[in-house]
Amino acid sequence: MLIDYHSDGAYAVLEFEVACPARPTRLGIDYRLFADVDTLHKGLVHVVSNGAIATAILGLSHPTEILDIRGKGVGRVFIEFVVEGIWHIWRGFDHALFLLSLMLPAACVLHGKRWVPADSPGGVAIDVLKLVTAFTAAHAITLSLATLHVVALPSRWVEVAIAATILLSALNNIVPLVRRRRWLVAFSFGLIHGFGFASVLTDMALPTSLLAAALAGFNIGVELGQISLVLLLLPILYIYRSSQWFRVATLYGGSAAITVFATVWIYERTSGLTVLAL
């Protein structure tokens, strides 16, 4: 049996060769191996057909894929990875919850140890812009470094670290320890999330000629996904910022719920056992 080594460990390589009377254009794959015992297990699919390459990463949250095995041009790869980046934010609960934990106090300011409604919409907009820009810049840096194989970290511990950033960010909403320059926290934690984003690209064995297009498209897609969440949440948070029950329910209740999710994720990702199956 062949062994292939990646940033998150060794993979068993299973090779299959199939001869078809007529060359197919699409190939459907359903992969659920170890889905009930290891939440982080994944299968790396690499299909070569008449020189064209198609790849996919399958796992618990994404067990099926229909591959176009005719090959792809640069433009198509770029567009597909823009879409993949958007969906990675929307269906990647951990990244979305981290962004949400940063957003929950966006329409408030600290007065002593309490969050109170912010007075200026301009100040709120600037604060959110700093947070999102810092997070984006940070994860773009490490995403690029990891995808280009300049830096490599074990993906299992990256996933644990991502869950820890969510936990710490949510706890800071409940018991504010970082009171100023929260954008520095967003930048620092964004560096960790960038390694998580990179796992989508580094194991796909894309040809070198397509890697730049995939990287650019994925970065843009992630940013679009983040902006869409901000535009959805910020007006609601600002409009109802003066309502005490809303502030308690969203800022404190929401942060408490996020700490629960993050704690469970840390347990899952260190033990390999499934609790939430998200």
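Everything quoted here is computed from the prediction, not taken from an experiment.

**Things to note about the overall build of the protein**
And then number 1: Counting secondary structure elements, the protein contains 7 helices and 8 strands.
And then number 2: Its C-alpha atoms give the protein a radius of gyration of 21 Å, within 12% of the compact-globule value 19 Å for 278 residues.
And then number 3: C-alpha atoms of the protein, sized along the principal axes, occupy 70 × 40 × 30 Å.
And then number 4: Each of the 278 residues in the protein was classed as buried or not, and the buried ones make up 43%.

**Some points on the environment of Thr-142**
And then number 1: Topologically, Thr-142 is positioned in helix α3 (residues 121-147).
And then number 2: A residue is classified by how much of its surface remains accessible, and Thr-142, at 5% relative accessible area, is buried.
And then number 3: Each C-alpha atom, one on Thr-142 and one on Lys-42, is 22 Å from the other, the two residues being 100 residues apart in sequence.
And then number 4: Setting aside anything within four residues of it in sequence, one finds Thr-142 in contact with Gly-190, Leu-191, Gly-194 and Phe-195.

**Looking at the nonpolar core**
And then number 1: Counting 40 residues, the largest nonpolar core has Leu-143, Ile-166, Leu-201 and Phe-218 as its most contacted members.
And then number 2: Contributing elements (two or more residues each) for this core: α1 (74-91), α2 (93-103), α3, α4 (155-174), α5 (182-202), α6 (208-239) and α7 (244-271).
And then number 3: Each residue touching Leu-143, except ones within four places of it in the same chain, is listed here: Gly-194, Phe-197, Ala-198, Leu-201, Leu-215, Phe-218 and Asn-219.

**Focus: the packing of α3 against α6**
And then number 1: Following both chains from N to C, one finds α3 and α6 inclined at 155°, their axes separated by 11 Å at the closest point. Regarding the angle of α3 to α6, the classification is roughly antiparallel. Considering how the two elements wind past one another, α3 and α6 form a crossing that is right-handed. Residues Pro-121, Val-124, Val-128, Val-132, Phe-135, Thr-136, His-139, Ala-140, Leu-143, Ser-144 and Thr-147 of α3 pack against Leu-211, Leu-215, Phe-218, Asn-219, Val-222, Glu-223, Gln-226, Val-230, Leu-234 and Tyr-238 of α6.
And then number 2: The residue makeup of the contact of α3 with α6, split by class, is 14 nonpolar, 6 polar and 1 charged.

**Some remarks on the packing of aromatic side chains**
And then number 1: Per the counting criterion, the structure on display carries 6 aromatic pairs.
And then number 2: With a centroid separation of 6.3 Å and an interplanar angle of 70°, the aromatic rings of Phe-197 and Phe-218 are classed as edge-to-face. One end of the pair, Phe-197, is in helix α5; the other, Phe-218, is in helix α6, with 21 residues separating them in the sequence. The pair formed by Phe-197 and Phe-218 is uniform in burial state, with each residue classed as buried.
And then number 3: Each residue in the set Phe-98, Phe-135 and Phe-189 is aromatic and connected to the rest through ring pairs, giving one cluster.
And then number 4: Taking the ring centre of Tyr-238 as reference, the NZ or CZ of Arg-241 above it sits at 3.8 Å.

**Considerations on the pairing of strand β7 (residues 108-111)**
And then number 1: Pairing geometry for β7 and strand β8 (residues 114-117), over 4 bridges, is antiparallel. By the bridge assignment for β8, Cys-108 is matched with Pro-117.
And then number 2: Counting the residues between successive antiparallel strands, the hairpin from β7 to β8 contains 2 residues, one of them, Gly-112, with a positive phi of roughly 70°.

**Observations concerning the confidence of the model for the protein**
And then number 1: The pLDDT averaged across the protein works out to 83; a share of 92% of its residues lies at or above 70.
And then number 2: Taken element by element, the predicted model of the protein shows its lowest mean pLDDT in strand β1 (residues 2-6) (68) and its highest in α4 (90).

**With respect to the environment of His-62**
And then number 1: By secondary structure assignment, the location of His-62 is in the loop between β5 (52-59) and β6 (64-68).
And then number 2: Each C-alpha atom of the pair His-62 and Tyr-31 lies 8.7 Å from the other, and the pair is 31 residues apart in sequence.

**Examining a nonpolar patch on the surface**
And then number 1: On the surface, a cluster of nonpolar side chains totalling about 940 Å² of accessible area is made up of Phe-78, Ile-79, Val-83, Trp-87, Trp-90, Ile-220, Leu-224, Ile-227, Leu-231 and Leu-232.
And then number 2: Mapped onto the nonpolar patch, the elements with two or more residues apiece are α1 and α6.
And then number 3: Within the fold, Leu-231 resides in helix α6.
And then number 4: When its relative accessible area of 61% is taken as the criterion, Leu-231 is described as exposed.

**Describing α7**
And then number 1: Between its terminal C-alpha atoms α7 stretches 39 Å, which fits the 40 Å expected from 28 residues at 1.5 Å a residue.
And then number 2: Taken as a whole, α7 carries its principal kink of about 25° at Gly-253.
And then number 3: Two residues or fewer past α7, Gly-272 is found with a positive phi of approximately 80°.

**Notes on α1**
And then number 1: The first and last C-alpha atoms of α1 sit 25 Å apart over 18 residues, in line with the 26 Å expected at 1.5 Å per residue.
And then number 2: Of all the positions in α1, only Val-77, Phe-81, Val-82, Gly-85, His-88 and Ile-89 are classed as buried. Down the axis of α1, the buried side of the element spans an arc of 140°, and every buried residue falls inside it.

**Concerning the packing of α4 against α7**
And then number 1: Running from N to C, α4 and α7 point in directions that differ by 160°, and their axes come no closer than 8 Å. Accordingly, the angle class assigned to the pair α4 and α7 is roughly antiparallel. In this structure, α4 meets α7 at a crossing whose hand is left-handed.
And then number 2: For the contact of α4 with α7, a count of residues per class yields 17 nonpolar, 5 polar and 3 charged.

Thresholds, definitions, all that
Residues numbered from 1 in each chain as written. Predicted model: local features only at pLDDT ≥ 70, side-chain atom pairs only at ≥ 80, totals over all residues. Heavy atoms only, no water. Helix = DSSP H or I, 4+ residues; strand = E, 2+ residues; numbered from the N terminus. Rg over C-alpha atoms; globule rule 2.2 N^0.38 Å. Buried < 20%, exposed > 50% of the residue type's maximum accessible area, 1.4 Å probe, protein only. Contact = heavy atoms within 4.5 Å. Core = buried A, V, L, I, M, F, W, Y, C linked by side-chain atoms within 4.5 Å. Axes fitted to C-alpha atoms, helices over the stretch in contact; angles between N-to-C directions. Parallel < 35°, antiparallel > 145°, perpendicular 65-115°, else oblique. Left-handed = near helix turned anticlockwise from the far one by under 90°. Nonpolar A, V, L, I, M, F, W, Y, C, P; charged D, E, K, R; others polar. Phe/Tyr/Trp six-rings, centres within 6.5 Å; stacked < 30°, edge-to-face > 60°. Lys NZ or Arg CZ within 6 Å of the ring centre and 35° of its normal. Pairing = 2+ DSSP bridges. pLDDT = per-residue confidence, 0-100. Patch = residues over 30% accessible without salt bridge, like charges linked within 9 Å, V, L, I, M, F, W, Y side chains within 5 Å. Areas by Shrake-Rupley, 256 points an atom, 1.4 Å probe, with all protein chains shown as cover. Salt bridge = Lys/Arg side-chain N within 4 Å of Asp/Glu carboxyl O. Expected span 1.5 Å × (residues − 1). Bend = angle between axes of the 7 residues up to and from the residue. Arc of directions from axis to C-beta.

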